[in-house]
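# Structure at a glance
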Amino acid sequence: QQKILERAVLNEQGNIEAVIKYQEWQPVEQCLQPMKIAVSGLSFGAEATVTLKDVKQANLSNTDFNLPIPPGYLRQFLP
């Protein structure tokens, strides 16, 4: 179904800084959406879970996601 189940955030040395898990997928209109997003593996021991309810489809375009890059930040595209 081509769902992202988990993503690891790595530091410059390639060590895991955080793990983001996408869980409890449900269809919203014609698109599967995770209803729970859990972040763990943080160096200071914190964990966070976001539970979503009543998710509605939005009519968005690529221009809705174009944000200016702040000075001094590096833009890096993920696969």
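The paragraphs below set out a description of the structure included in this document. (Residues numbered from 1 in each chain as written. Predicted model: local features only at pLDDT ≥ 70, side-chain atom pairs only at ≥ 80, totals over all residues. Heavy atoms only, no water.)

## Notes on the sheet that holds strand S4 (residues 48-51)
In spatial order, the strands read S1-S2-S3-S4; together these four strands make up an open sheet with antiparallel pairing. What marks the edges here is a single partner per strand, and that holds for strand S1 (6-10) and S4. Averaged over neighbouring strand pairs, the angle between their axes works out to 25 degrees when direction is ignored. Bridge count for strand S3 (residues 31-40) against S4 is four bridges, and the pairing is antiparallel. When the bridges of S4 are listed, Lys36 appears paired with Thr51. (Pairing = 2+ DSSP bridges. Helix = DSSP H or I, 4+ residues; strand = E, 2+ residues; numbered from the N terminus. Axes fitted to C-alpha atoms, helices over the stretch in contact; angles between N-to-C directions.)

## A look at the pattern of salt bridges
Counted under the stated rule, the structure contains two salt bridges. Residue Lys36 pairs with Glu24 through a salt bridge whose shortest N-O separation is 3.3 Å. Linking Lys36 in strand S3 with Glu24 in strand S2 (residues 16-28), this pair joins segments that are twelve residues apart in sequence. The partner of Asp54 in a salt bridge is Lys56, and the shortest N-O contact between them spans 2.9 Å. Both residues of the pair, Asp54 and Lys56, count as exposed. (Salt bridge = Lys/Arg side-chain N within 4 Å of Asp/Glu carboxyl O. Buried < 20%, exposed > 50% of the residue type's maximum accessible area, 1.4 Å probe, protein only.)

## With respect to the pairing of S3
By the bridge criterion, nine bridges tie S2 to S3 in an arrangement that is antiparallel. By the bridge assignment for S3, Val19 is matched with Ser40. Between the end of S2 and the start of S3, which pair antiparallel, lie two residues, with Glu29 showing a positive phi angle near 55 degrees.

## Some thoughts on the environment of Ser43
Among the structural elements, Ser43 can be located in the loop between S3 and S4. Ser43 sits in the exposed class, given a relative accessible area of 67%. Each C-alpha atom, one on Ser43 and one on Pro79, is 25 Å from the other, the two residues being 36 residues apart in sequence.

## Some details on unusual backbone geometry
Most peptide bonds take the trans form, and the phi angle of most residues other than glycine is negative. Even without being a glycine, Glu24 presents a positive backbone phi close to 50 degrees. Classification of Glu24 as partly exposed rests on a relative accessible area of 44%.

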